[in-house]
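Breakdown of the fold
Take a look at the letters that make up each chain.
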Amino acid sequence: MVSDESLRITDLSTPTPEAIKYRNTQFLRDLEHPYKTGLNDDPDRLERSIWNVRNGDLRRLFREFPIQEPLPRQCAHWVHAVVGKHFFPDANHRTAIATLRRLMRHNGIDPPAWPADQLRIVREDSHTIRHEIESVRLDTLYRRDRLHDRWYAFFTDVELATE
């Protein structure tokens with residue numbers, strides 16, 4: 001675990017709603033990791049659905065982000081917000097992790113290659129928990145609940161930054 005308590009994500013000036021939508025769209029187009037909605041949606045319809053997510057809703061991620069929290073808590077909050085609100089038809093976990101890595105890099109924090117097996121387990125747990133808890137809404141993006149706690153446990157158990 002990272003011992004430097006000063007590591008934090010404090011600069012959220014570069015991510016944009018469009019960048020998040022673009023990242024999710026890239027997952028839609030990734031043939032090696034299918035975009036699974038449970039429906040036989042055609043890609044054009046799914047892409048429209050991605051780009052129809054309100055920019056104001058995504059801007060709220062940046063505006064309300066808890067910059068005063070320690071890095072493991074911030075990481076858990078970010079994933080909780082993106083995964084819990086479930087902005088997109090699919091790939092919300094992938095989008096959350098990819099955008100978290102980008103936020104970390106932008107803030108001078110070198111994100112490590114988190115163990116794929118542990119990431120897979122926490123993602124599976126996260127899917128289950130998300131269906132068991134009260135839905136995450138725009139006014140509860142950064143609350144601490146079981147979903148947040150599961151991701152917080154993951155981020156406190158793994159390295160958050162390379163030294």
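Residues numbered from 1 in each chain as written. Predicted model: local features only at pLDDT ≥ 70, side-chain atom pairs only at ≥ 80, totals over all residues. Heavy atoms only, no water.

A short note on the overall build of the protein
Of the regular secondary structure elements, the protein holds seven helices and zero strands. Shown N-terminal to C-terminal, the secondary structure of the protein runs as helices and strands in the order α-α-α-α-α-α-α. Taken along the three principal axes of its C-alpha coordinates, the protein extends 45 × 30 × 30 Å. Classification of the 163 residues of the protein by burial places 47% in the buried group. Taking the intrachain contacts of the protein between residues at least 6 apart in sequence as the baseline, contacts between residues at least 24 apart amount to 76%. Approximately 8,700 Å² of the protein is accessible, and the part contributed by carbon and sulfur atoms is 47%. If the 25 positive side-chain charges of the protein are averaged to one point and the 26 negative ones to another, these points end up 5 Å apart. (Helix = DSSP H or I, 4+ residues; strand = E, 2+ residues; numbered from the N terminus. Buried < 20%, exposed > 50% of the residue type's maximum accessible area, 1.4 Å probe, protein only. Contact = heavy atoms within 4.5 Å. Areas by Shrake-Rupley, 256 points an atom, 1.4 Å probe, with all protein chains shown as cover. Lys, Arg positive; Asp, Glu negative; His and termini not counted. Charge placed at Lys NZ, Arg CZ, Asp CG, Glu CD.)

Observations regarding the nonpolar core
Counting 46 residues, the largest nonpolar core has I9, L61, W78, L100, W114, W151 and F155 as its most contacted members. For this core, the leading source of residues is helix α4 (residues 71-85), giving eight residues. Setting aside residues no more than four positions away along its own chain, I9 makes contact with F65, I67, L71, Q74, L100, L103, M104, N107 and I109. (Core = buried A, V, L, I, M, F, W, Y, C linked by side-chain atoms within 4.5 Å.)

Topic: helix α6 (residues 116-132)
For α6, with 17 residues, the first-to-last C-alpha span of 24 Å sits near the 24 Å given by 1.5 Å per residue. For α6, the full list of buried residues reads L119, V122, S126 and I129. Looking down the long axis of α6, one finds its buried residues gathered within 90 degrees of arc, a one-sided arrangement. α6 presents A116 and H131 as exposed residues on the side facing more than 90 degrees away from its buried surface. Residues of α6 that are buried in the fold lie against α4, α5 (92-106) and α7 (146-157). (Expected span 1.5 Å × (residues − 1). Arc of directions from axis to C-beta.)

Things to note about the confidence of the model for the protein
With 93% of its residues at a pLDDT of 70 or more, the protein has an overall mean of 92. Across the protein, the element-wise mean pLDDT spans from 92 in helix α2 (residues 43-51) up to 98 in α4. (pLDDT = per-residue confidence, 0-100.)

Details of the side chain of H93
Inspection of the secondary structure assignment puts H93 in helix α5. Judged by its relative accessible area of 9%, H93 is buried. Dropping the residues within four chain positions of it, H93 is found in contact with V83, R123, S126, H127 and W151.

So, the environment of M104
Along the chain, M104 turns up in helix α5. Here M104 falls in the buried class, since its relative accessible area comes to 0%. Note: C-alpha distance between M104 and T25 (79 residues apart in sequence) is 21 Å. Apart from the residues within four sequence positions on either side, M104 is in contact with I9, L71, C75, I109, P111, W114 and L160.

Things to note about the pattern of salt bridges
Scanning all chains against the criterion turns up 11 salt bridges. R137 is the partner of D139 in a salt bridge, and the nearest nitrogen-oxygen pair spans 3.0 Å. Judged by its relative accessible area of 53%, D139 is exposed. The partner of D145 in a salt bridge is R143, and the shortest N-O contact between them spans 2.7 Å. For D145, a relative accessible area of 12% gives the class buried. Each of E134, R137 and D139 takes part in salt bridges that share partners, so that together they form one network. (Salt bridge = Lys/Arg side-chain N within 4 Å of Asp/Glu carboxyl O.)

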